[in-house]
Amino acid sequence: MGLRQRIFEVLEHGRRREPASRAADWLLVVLVLADVAATVAHTVPDIAASHGTGLQLLDRVCVAVFAIEYAARMWTAPEHPLLHRRTPLGARLRFAATPLMVIDALALLPLALELLFPRNELILLTRLVRFLKLARYSPALATIGRLIASERRALLACVIIFIGALLMAAAAMLVVEGSVQPDKLGDMPKAMWWAASMLAKIGGGDLAPPLTTLGRIIAAITVMLGIGCFALPVAIIGRGFYEEIRRRDFVVTFAMVARVPLFARLDAAAIADLVAILKARTVPSGTTIIRKGDRGDAMYLIASGRVEVESAVGKVVLQEGEFFGEMALLSREPRSATVTTIRSTDLLVLDADDFLRLVDRLPDIGAKVRAVAKDRRPAAAPAAAGNARVGDDGTRT
Ligand code: CMP
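**Q** Quick question: what am I supposed to make of the pairing of strand S5 (residues 314–319) here?
**A** Note on strand geometry: in a regular strand, side chains alternate between the two faces of the sheet. As paired elements, strand S4 (residues 306–311) and S5 share six bridges and run antiparallel to each other. Bridge pairing in S5 places Val307 opposite Leu318. Between S4 and S5, which pair antiparallel and follow one another directly, the connecting turn spans two residues.

Structure below.
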């Protein structure tokens, strides 16, 4: 593996369990937190007076590391599976426009601002943007982003309901109390501010209390509508988030799927489709995933780790990049062997329905899976290519 590809693997954490990748992630997370803490501390005059130089130095070190990180990410961009087909410059430009890289670039902006306009208040704000760099390390945050995208129609409906409630409440209040409290409810913008505050229940000191009975009734209804308006999107996101977290033990990334040899020749769009349908499962060592004789309901791809198949021809070890559980789905017969993890293993799971649709839609993949399944069948097993048999002492033969 070349240096560029190696650095790409480490930085883009293709292999979750790799120590170098984890160390790089942790270093960057600690530096982001330290830099943000130093920026906040620097705004306190006493601390700035006593530790100003130290905090400044810490900031410089963090920025230097972030700059090296940015340069390394840009340099290794052509290794990205999605950008493989572009020229190196094209790949880098495309990569620089991805949201996480834009955040990384913004994180370096304060340095340029400081050099150009020393003592600019903007610097504080832009320095705190560095906190967003943590988005890269939070799969849960990525999940929320995906959820908002997938529930956008439902969420848009919530926004429309909110605006409708706001306009109705504001108009009703304007009609009923506009002449009673003209300074606070005399026109639509004022009444809308009142209605928004009531809906969000953030009434501050200047919020006009209704003076008429009808006004109080409208206020009470507005508060109740507000509860519904906020409960609805919270419930939509909350339910989706819970389901997603329960379904996925880790986030399936594009790089993870693109690295599976079976999918090596797929184009970016097909891989993106797979990312959406594959589910992730982390399984501890010694867990039986498939039991001989059971009904087949899914096929599994090994993202990292190892499993042992107790097949008719003896024990076979399958490792990263290989797959299992395809035979029962293709033949619609019971599982032909028991499969157990012999290491903590990350699996990509393809449900039976999705699997059958996939082999239907992508005949090349279907042919490859069928060929492997054929080799694995007991009669043909001795000729099985690519699978290592293990003896009783556990060595691969
Ligand atoms: P399936 O029969 O669905 O469930 C058990 C799985 O073990 C099977 O699919 C294959 O994926 C795998 N398997 C069975 N026999 C072998 C073998 N000889 N070599 C490798 N894998 C096997």
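**Q** Even after reading the chapter, I still don't get the pattern of salt bridges, so can you show me in this structure?
**A** Think of it this way: side chains of opposite charge can pair up when their charged atoms draw near. For the structure shown, the criterion picks out 17 salt bridges. Note that Glu69 and Arg73 form a salt bridge whose closest N and O atoms lie 2.9 Å from each other. Placement of both Glu69 and Arg73 in helix H3 (residues 45–76) is noted, with a separation of four residues, approximately one turn of the helix. You'll find Glu69 and Arg73 in the same group, each marked buried. Asp273 is the salt-bridge partner of Arg361, the closest N and O atoms lying 3.9 Å from each other. Here the residue Arg361 occupies a position in helix H15 (residues 352–361), and Asp273 occupies one in helix H13 (residues 268–277), the gap between them amounting to 88 residues. Accessibility expressed as a relative area gives 48% for Arg361, which makes it partly exposed.

**Q** Is there a simple way to explain the confidence of the model for the protein in this structure?
**A** Parts of the model with low pLDDT should not have their predicted coordinates read in detail. With 88% of its residues at a pLDDT of 70 or more, the protein has an overall mean of 84. Segment residues 388–397 is flagged for pLDDT under 50; beyond a separation of four residues in sequence, or across chains, it makes 21 contacts in the model.

**Q** I would appreciate a short explanation of the nonpolar core in the present structure.
**A** If you look at soluble globular proteins, the nonpolar side chains tend to sit buried side by side. Core analysis: the biggest nonpolar cluster contains 29 residues, and Val257, Leu262, Phe263, Leu301 and Leu348 have the highest contact counts within it. Put simply, the parts of the chain that give this core at least two residues each are helix H12 (254–258), H13, strand S3 (298–304), strand S8 (345–351), H15 and helix H16 (363–376). Beyond its immediate stretch of four places on either side in the chain, Leu301 contacts Val260, Leu262, Phe263, Leu278, Glu322, Phe323, Asp346, Leu347 and Leu348. One finds Val32, Ala77, Leu83 and Leu134 within the second-largest nonpolar core, a separate group that totals 18 residues.

**Q** When you look at unusual backbone geometry in this model, what are you seeing that I'm missing?
**A** With glycine set apart, most residues show a phi of negative sign, and most peptide bonds adopt trans. At Arg332, a position not held by glycine, the phi torsion is positive, near 60°. By the secondary structure assignment, Arg332 is in the loop between helix H14 (326–331) and strand S7 (338–341).

**Q** In this structure, what is going on with the site of the ligand? I would like to understand it.
**A** Around the ligand lies a shell of 15 residues, among which Gly325, Glu326, Ala328, Arg335 and Ser336 are the nearest. Residue Met327 places a main-chain N or O atom 3.4 Å away from an oxygen atom belonging to the ligand. At 2.7 Å from an oxygen atom of the ligand is found a side-chain nitrogen or oxygen belonging to Ser336. Burial of the ligand by the surrounding chains reaches 98%, relative to a free accessible area of 450 Å². When contributions to the shell around the ligand are tallied by element, the ones reaching two or more residues are S4 and H14. Tallying contributions element by element places H14 first for the shell around the ligand, with three residues.

Procedures and definitions
- Residues numbered from 1 in each chain as written.
- Predicted model: local features only at pLDDT ≥ 70, side-chain atom pairs only at ≥ 80, totals over all residues.
- Heavy atoms only, no water.
- Pairing = 2+ DSSP bridges.
- Helix = DSSP H or I, 4+ residues; strand = E, 2+ residues; numbered from the N terminus.
- Salt bridge = Lys/Arg side-chain N within 4 Å of Asp/Glu carboxyl O.
- Buried < 20%, exposed > 50% of the residue type's maximum accessible area, 1.4 Å probe, protein only.
- pLDDT = per-residue confidence, 0-100.
- Contact = heavy atoms within 4.5 Å.
- Core = buried A, V, L, I, M, F, W, Y, C linked by side-chain atoms within 4.5 Å.
- Near = heavy atom within 4 Å.
- Polar contact = N/O pair within 3.5 Å; in protein donor to acceptor, adjacent residues only side chain to side chain.
- Areas by Shrake-Rupley, 256 points an atom, 1.4 Å probe, with all protein chains shown as cover.

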